[in-house]
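Each chain, letter by letter, is given below.
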Amino acid sequence: DIQATDRGTPELQARRGPDQRSSYPLGVLFLAGDISDAEHQAGCWYAWLYGFVCGRTSPAAIDWDSQPCGSRADWDGTLPARLEGHFKLVAAALAKDRRVKDAVDNLVVYSRHPRWMQPRRPTVGDIREAEAFHRGIAEVVRLFGVFGAAARSAA
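The structure presented is a predicted model; accordingly, all values stated were derived computationally and were not measured.

### Points about the pattern of salt bridges
Next, step 1: One pass over the full model with this rule turns up six salt bridges.
Next, step 2: Close ionic contact of Arg-135 with Asp-97 constitutes a salt bridge, the shortest N to O distance being 3.5 Å. With a gap of 38 residues between them, Arg-135 in helix α7 (residues 124–154) and Asp-97 in the loop between α5 (79–94) and α6 (98–109) connect regions that are remote in the sequence.
Next, step 3: A salt bridge links Arg-142 to Glu-139; the shortest N-O distance between them is 2.8 Å. Here Glu-139 and Arg-142 lie together in helix α7, a separation of three residues that amounts to about one turn.
Next, step 4: Since its relative accessible area comes to 46%, Arg-142 is described here as partly exposed.

See the structure below:
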């Protein structure tokens, strides 16, 4: 028996506002136009995979889980192993550059607002971290497309 995701009390949901994407850094970047819909979806997918494999969920993962992408009841017996494999491939691709992996994980998985998102004068380090994040999320988008194409061709 799979339980529904707890989205909080009606009061908490109302306080989050009409668009829950404003409650986590990846969503804020999307709403501000700093990342594309594809980058937002791929980041949410990565957060969801991290939660699936490691057991830690983030608001981005919950946002992905609420998308109309099928239900867990539709999963076959090999899907958990395939999802874990997808996560390991993405994590390994990001880990080729430690700064990229840290920037993506901190913002997407751990929902940490980096200094470069704050309304203050950016430092050289802020700019490098922002660039690392954008390189990393582009790689996640690329891999998201690869896995999506493989799933479509298998169907």
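### Section: unusual backbone geometry
Next, step 1: Backbone geometry at Ser-111 places phi at a positive 55 degrees, although glycine is not the residue there.
Next, step 2: Its place among the elements puts Ser-111 in the loop between α6 and α7.

### Topic: the environment of Leu-83
Next, step 1: Within the element layout of this structure, Leu-83 appears in helix α5.
Next, step 2: Owing to a relative accessible area of 9%, Leu-83 belongs among the buried residues under this scheme.
Next, step 3: Spatially, the C-alpha atoms of Leu-83 and Tyr-50 are 9.6 Å apart, while their sequence positions differ by 33 residues.

### Overview of the packing of aromatic side chains
Next, step 1: As enumerated under the stated definition, the model contains six aromatic pairs in all.
Next, step 2: The interplanar angle of 20 degrees and the centroid separation of 5.9 Å between the aromatic rings of Tyr-46 and Phe-87 together place this pair among those described as stacked. Here Tyr-46, found in helix α3 (residues 37–54), pairs with Phe-87, found in helix α5; they are 41 residues apart in sequence, far enough to count as distant. With respect to burial, Tyr-46 and Phe-87 carry one shared label: buried.
Next, step 3: A centroid spacing of 6.0 Å and a plane angle of 75 degrees characterise the contact between Tyr-50 and Tyr-110, whose relative ring orientation is edge-to-face. Remark: Tyr-110 occurs in the loop between α6 and α7 and Tyr-50 occurs in helix α3; sequence separation between them is 60 residues.
Next, step 4: Residue classification places Tyr-50 among the buried positions, given a relative accessible area of 12%.
Next, step 5: Residue classification places Tyr-110 among the partly exposed positions, given a relative accessible area of 27%.
Next, step 6: In this structure an aromatic cluster arises from ring pairing among Tyr-46, Tyr-50, Phe-87 and Tyr-110.

### Section: the nonpolar core
Next, step 1: Of all hydrophobic cores here, the largest spans 34 residues; its most connected members are Leu-26, Tyr-46, Val-90, Val-108, Phe-133 and Val-140.
Next, step 2: Where this core is concerned, the elements lending two or more residues are α2 (25–31), α3, α5, α6 and α7.
Next, step 3: Ranked by residues supplied to this core, first place goes to α3 with eight residues.

Definitions and limits used
Residues numbered from 1 in each chain as written. Predicted model: local features only at pLDDT ≥ 70, side-chain atom pairs only at ≥ 80, totals over all residues. Heavy atoms only, no water. Salt bridge = Lys/Arg side-chain N within 4 Å of Asp/Glu carboxyl O. Helix = DSSP H or I, 4+ residues; strand = E, 2+ residues; numbered from the N terminus. Buried < 20%, exposed > 50% of the residue type's maximum accessible area, 1.4 Å probe, protein only. Phe/Tyr/Trp six-rings, centres within 6.5 Å; stacked < 30°, edge-to-face > 60°. Core = buried A, V, L, I, M, F, W, Y, C linked by side-chain atoms within 4.5 Å.

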